[in-house]
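Coordinate analysis (summary)
What follows is each chain in one-letter form.
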Amino acid sequence: MRMTRLALKTQREAPADAEAVSHQLLIRAGYIRRLASGVYSFLPLGIRVLAKLNQIVREELDAAGAQELLLPALHPVELWEQTGRLRTMSDVLMTVEVKGGSFVLGPTHEEAVIATVSPDLESYRDLPVTVYQIQTKFRDEARPRFGLMRTREFIMADAYSFDMSAEAMKISYGRMYQAYLNIFDRCDLPYIPVEADSGAIGGDVNHEFMVSSPIGEDHFAQCPKCGYAANIEAAKRGEGVRNRSDVPAEKMEVHATPGASSIKDVVNAFRSAGFEIDSSALLKSLAFKDENDDVTLILVPGDRDVRVPSGLIPLSDDDFESNSFLFKGFIGPMGMTDQGVKVLADFSVAERASWFSGANLEGHHVSNAVLDRDFAVDQVGSFAVVAEGDPCPNCGEMLSLVRSVEVGHTFQLGHSYSNKIPYATFKAEDGTDQKYWMGCYGIGMSRLPAAIAEHFHDSDGLRWPRSVAPYQVELVTITPGRAPEAVAFADDIYRQLWEMGVEVLYDDRDLAPGVKFADADLIGIPTIAIIGQRGIANGVIEVKDRFSGDRVEVRVPEIVEYLRNCG
RNA sequence: CGGGAAGUAGCGCAGCUUGGUAGCGCGCAGCGUUCGGGACGCUGAGGCCGCGGGUUCAAGUCCCGCCUUCCCGACCA
C-alpha cells in the first residue's frame, strides 16, 4: 500500500482523553478512532491487525476441530427471559425496540448458540461438537476505559462445546485450552493461564488468560516457586505460622464504642481510648447465609476483604432481625458456635495472638480476644482475598500479586445453561433425554491489539510482533522531490515485493525525512527499509529492525530477497 | 451509582478573574525555499465558544438547569 493513497493520517498529539499509552499510540498512529465513549472505529491499519489475529484464531480453532459459524447480534428478548439473564445481566444488556418486539444486543451468545445448533444435535451420535464465531458484542459497561481495553461494543471470538458427558466435556475443554495456548503463543504475548472464579456465567472449572500490564483491571496471585497462579477472586493461600507466643495475660475486656460499626470508626474509638492500633488488629466478622438460611460467620483481619465462598450471600436487614443475637457492626465470634453459627476463620486470623472484635452487644467491642481461649472456630482456611506475601497454597512460598489484562477466558459450564433451556437435550444411548454438557471459550479480539501495543511499545511508538503486524515491511523514500532515481528504485522494489505477496507499506510521500522516520517508528512495522540517494550511490539500502533498533546495510542486488525473507 | 476534572477550529491549548471585533501551536489549501530524524517564509480556508434558559445596551466570559467526556472508586461472561 502506498501511503499517498492510504486513508490515514498520523497525529503528533493524542486526544486529551486518551490516558493509556496503547490508546494514545493507536490513535496517533491511525489504527483506531473514537466514535463515542467506548465505541471505536478500526481504520485501515487497525483492521489489518485485527485480521491477522482473526486468522490465527481461525487456524488454531479449526485445527482443534471447532467449526466457525456466525450467530446473530440481535437476540429475541424471550431467549434471555428463558435463562433468567434478562434480569441477572440487566446492568449490561442493551436492548432495541423494533416493529413487533424487542431484541437484546448480544453481550455473549450462550442462549443464541443453543437455540441455533440444538436442532442438529439430537443424538449422542451427533456429539461432540464445538462451534465458534468472531462476533461483535454489546455491553453497556459502567465505565468504558483505556481505549480498546474496555468498550461498549467489542469483538470477541467465542466458542461453545457440546458433549454427552462430563468426561467428554473435559476432553473438549482440554482441546480448546490447548488451542488457546497456541493462539496466545502465536500473538507473541507473554500470557499466563490462571485459575479463575466462574462469576456470573456459572459453571465449574475455568481459566483466565492474563497478560501482565500496568493498565490491567484484574489482579492475579502468582507463586514464583511452583507456578501456582490464580485470579485474585479465586486465589487461595496456604497456612501461615500460628502465633501463640504473645498471647496476652490480660483477660478479654468489653469497651463501649457507641456508634462505631465500621472498621474505621472502631479503630478510631479504640485509639481515642488510648490503644495504639490499626485496622489489622481488628477482627472483621461478616455474617452470611446459605440456601437453608443457616448462618455462617467469616473472620478476617480488619484490613482484608472476605473472599465469599460460593453459595453464601450476605445477610439482609431482615435476616439480622430474625437472628437477634447478631448486632450488625458489633459482631464477634465469641459464643457463636453455641448459637449454631458456623464460624470460618482465615489463616491470617491464626497468625495473630489477640484481637479487637465486636462484643455481640450493641455499641460495644472487646480487646484481647484470643482464639481458642475466648472464641472457637469450626474451620481455619483460606477465606480472605489473598494479599501480597501470603504463603502459596501449594508450596508455601510468598505469593505476589500481578496487575493484568484478561485476554481470554475458558469455562466448563456443565449444565448451567442447558438446564435452563428445555430443548437443550439429546437422546442418549439408553434412550433417555439428556442435557448437553457445555463449555464456552472467549477471546477479546478487539482488546488484543491494545494489550499487544501496551506491552511492546517504546518511546517512539508502536512495535508489532511479526505475527500481528499490519504490514511486514515499510519502505521509506527520502527526498523524493530531488532524487527521481531513488524514487524509481523504490517504486521497483515495491512492485517486486508486492508481486511476491509481501505485505509492504510504502511511504512514498513527499515529506521531510524526519517526519517519515518518526511516522515509521510510530506506526511500528517490524522492518523499515530506508531508500535514499546516498545509500543507492554506495550500492546499499539501510534496513532498520523496529524491535531491536538494529540497522544493517543490505547490498542493492540483495534487497528484495532480504526484505522478502523478513516477511 | 459515589468522588474529582474538563467541554473554545480536525488535534493540543489560551482567552473567563475584571462582560465590549474569538486567538495561538500542530494539522489543512496555495506559492516558494529546504531535504538522512517531526525544516522555514508568505498567503489562505476553517468556529452553534457542548445544549437550553436567565441577567445585561452587550455574554466564550456572570447566574440556573441539562448533556457529554475523562480520571479514581463501586460494578464487570
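Small disclaimer: the values here were computed from a predicted structure and weren't measured.

The next subject is the pattern of salt bridges. Pairing between side chains of opposite charge can happen when their charged atoms approach one another. Counted according to the given criterion, the structure contains 33 salt bridges. One salt bridge in this structure joins Glu-351 and Arg-237, with 2.6 Å as the shortest N-O distance. In this pair, Glu-351 is assigned in the loop between α9 (347–350) and β18 (354–358) and Arg-237 in the loop between β12 (229–231) and β13 (253–256), connecting sequence segments 114 residues apart. A residue is classified by how much of its surface remains accessible, and Glu-351, at 29% relative accessible area, is partly exposed. With a closest N to O distance of 3.7 Å, Asp-293 and Lys-289 form a salt bridge. Taken together, the salt bridges that share partners define one network made up of Arg-237, Arg-304, Asp-346, Glu-351 and Asp-390.

Among the nonpolar cores identified, the biggest contains 60 residues, and Tyr-31 and Trp-464 are the most heavily contacted of them. With residues near it in sequence (within four places) discarded, Trp-464 still touches Leu-26, Tyr-31, Val-49, Pro-449, Ile-452, Ala-453, Ala-469, Pro-470, Ile-523, Gly-524, Pro-526 and Phe-547. One finds Leu-283, Ile-331, Val-349 and Ala-369 within the second-largest nonpolar core, a separate group that totals 23 residues.

Moving on, we come to the packing of aromatic side chains. Enumeration according to the criterion identifies 17 aromatic pairs in this entry. Ring geometry for Tyr-180 and Phe-209: centres 5.3 Å apart, planes at 50 degrees, overall tilted. Highlighted residues: Tyr-180 in helix α6 (residues 166–186) and Phe-209 in strand β10 (residues 206–212), separated in sequence by 29 residues. What makes Phe-209 buried here is its relative accessible area of 0%. Between Phe-270 and Phe-275 the ring centres are 5.5 Å apart and the planes differ by 80 degrees, which places this aromatic pair in the edge-to-face class. With a relative accessible area of 1%, Phe-270 lands in the buried category. For Phe-275, a relative accessible area of 26% gives the class partly exposed. Three or more aromatic residues link up through ring pairs in this structure, and these residues are Tyr-173, Tyr-177, Tyr-180, Phe-184, Tyr-191, Phe-209 and Tyr-441. Directly above the aromatic system of Tyr-471 lies the positively charged group of Arg-48, at a separation of 4.0 Å from the ring centroid. One Lys or Arg, Arg-352, reaches over the ring of Trp-355 and ends 5.6 Å from the middle of that ring.

Structurally, Gly-389 is set in the loop between β20 (379–381) and β21 (400–414). For the pair formed by Gly-389 and Ala-221, sequence separation is 168 residues and the distance between their alpha carbons is 9.7 Å.

Take the packing of helix α2 (residues 44–63) against helix α10 (residues 448–456) next. At a minimum axis distance of 10 Å, the contact between α2 and α10 shows a crossing angle of 105 degrees. It follows that α2 is roughly perpendicular to α10 by the angle criterion. Contacts from Val-49, Leu-50 and Leu-53 in α2 reach Leu-448, Pro-449 and Ile-452 in α10. The class makeup of the residues in the contact of α2 with α10 is six nonpolar, no polar and no charged.

When two helices pack together, their arrangement is given by the angle between the helix axes and by the axis-to-axis distance. Two numbers describe how helix α1 (residues 21–28) lies on α10: the axes approach to 8 Å, and their chain directions differ by 105 degrees. In terms of axis orientation, α1 runs roughly perpendicular to α10. Contact residues: α1 offers Val-21, Ser-22 and Leu-26, while α10 offers Pro-449, Ala-450, Ala-453 and Glu-454. Of the residues assigned to the contact of α1 with α10, the class counts are five nonpolar, one polar and one charged.

Spatially, three strands are ordered β13-β19-β18 in an open sheet, and the strand pairing comes out antiparallel. Of all strands in the sheet, those with a lone pairing partner are β13 and β18, marking the two edges. Between one strand axis and the next, the sheet turns by 25 degrees as a mean value, whatever way the strands run. Both β18 and strand β19 (residues 364–370) contribute to a ladder of four bridges, which runs antiparallel. Note on β19: the bridge partner recorded for Ser-357 is Val-366.

Time to look at the side chain of Arg-509. Residue placement: Arg-509 occurs in the loop between β26 (504–507) and α12 (513–523). Looking at Arg-509, the relative accessible area reads 15%, which means it is buried. A polar contact of 2.8 Å, which involves the side chain of Arg-509, links it to the side chain of Asp-519. Setting aside residues up to four positions removed in sequence, Arg-509 forms contacts with Met-3, Thr-4, Pro-480, Lys-516 and Asp-519.

Under the 1.5 Å per step criterion, the end-to-end length of α6 is 30 Å for 21 residues, consistent within 8% with the ideal 30 Å. The complete set of buried residues in α6 reads Ala-166, Ala-168, Met-169, Ser-172, Tyr-173, Met-176, Ala-179, Tyr-180, Leu-181, Ile-183 and Phe-184. Remark: Asp-188 follows α6 within two positions and exhibits a positive phi of approximately 65 degrees.

What follows concerns the environment of Gly-100. The residue Gly-100 is located in the loop between β5 (94–98) and β6 (101–105) in this model. Classification of Gly-100 by relative accessible area gives exposed; the value is 89%. When the C-alpha atoms of Gly-100 and Val-366 are compared, they prove to be 64 Å apart, with 266 residues separating the residues in sequence.

Turning to the domain arrangement of chain A, a few remarks are in order. Once the domains are mapped, chain A shows domain 1 (46–217 + 402–447), domain 2 (253–381) and domain 3 (473–566). For domain 1 versus domain 3, the distance between C-alpha centres works out to 43 Å.

What follows is about the sheet that holds strand β14 (residues 283–289). Within the open sheet, the five strands sit side by side as β16-β14-β15-β17-β20. Their pairing is mixed. Edge positions in the sheet fall to β16 (313–314) and β20, since each has one partner strand and no second. By the bridge criterion, three bridges tie strand β17 (residues 342–346) to β20 in an arrangement that is parallel. Opposite Asp-346, over in β20, you have Gly-381 as the bridge partner.

So, on to helix α11 (residues 484–500). For α11, with 17 residues, the first-to-last C-alpha span of 24 Å sits near the 24 Å given by 1.5 Å per residue. Regarding α11, the residues found buried are Ala-486, Ala-490, Ile-493, Tyr-494 and Leu-497. Projected down its long axis, α11 shows its buried positions confined to an angular sector of 100 degrees, all on one face. α11 presents Pro-484 and Glu-499 as exposed residues on the side facing more than 90 degrees away from its buried surface. Residues of α11 that are buried in the fold lie against β25 (473–477), β26, β27 (527–531), α13 (533–537) and α14 (559–566). Looking one or two residues beyond α11, the residue adopting positive phi is Gly-501, at roughly 85 degrees.

Rules used in this analysis
- Residues numbered from 1 in each chain as written.
- Chains lettered and ligands numbered in written order.
- Predicted model: local features only at pLDDT ≥ 70, side-chain atom pairs only at ≥ 80, totals over all residues.
- Heavy atoms only, no water.
- Salt bridge = Lys/Arg side-chain N within 4 Å of Asp/Glu carboxyl O.
- Helix = DSSP H or I, 4+ residues; strand = E, 2+ residues; numbered from the N terminus.
- Buried < 20%, exposed > 50% of the residue type's maximum accessible area, 1.4 Å probe, protein only.
- Core = buried A, V, L, I, M, F, W, Y, C linked by side-chain atoms within 4.5 Å.
- Contact = heavy atoms within 4.5 Å.
- Phe/Tyr/Trp six-rings, centres within 6.5 Å; stacked < 30°, edge-to-face > 60°.
- Lys NZ or Arg CZ within 6 Å of the ring centre and 35° of its normal.
- Axes fitted to C-alpha atoms, helices over the stretch in contact; angles between N-to-C directions.
- Parallel < 35°, antiparallel > 145°, perpendicular 65-115°, else oblique.
- Nonpolar A, V, L, I, M, F, W, Y, C, P; charged D, E, K, R; others polar.
- Pairing = 2+ DSSP bridges.
- Polar contact = N/O pair within 3.5 Å; in protein donor to acceptor, adjacent residues only side chain to side chain.
- Expected span 1.5 Å × (residues − 1).
- Domains from an automatic or database assignment.
- Arc of directions from axis to C-beta.

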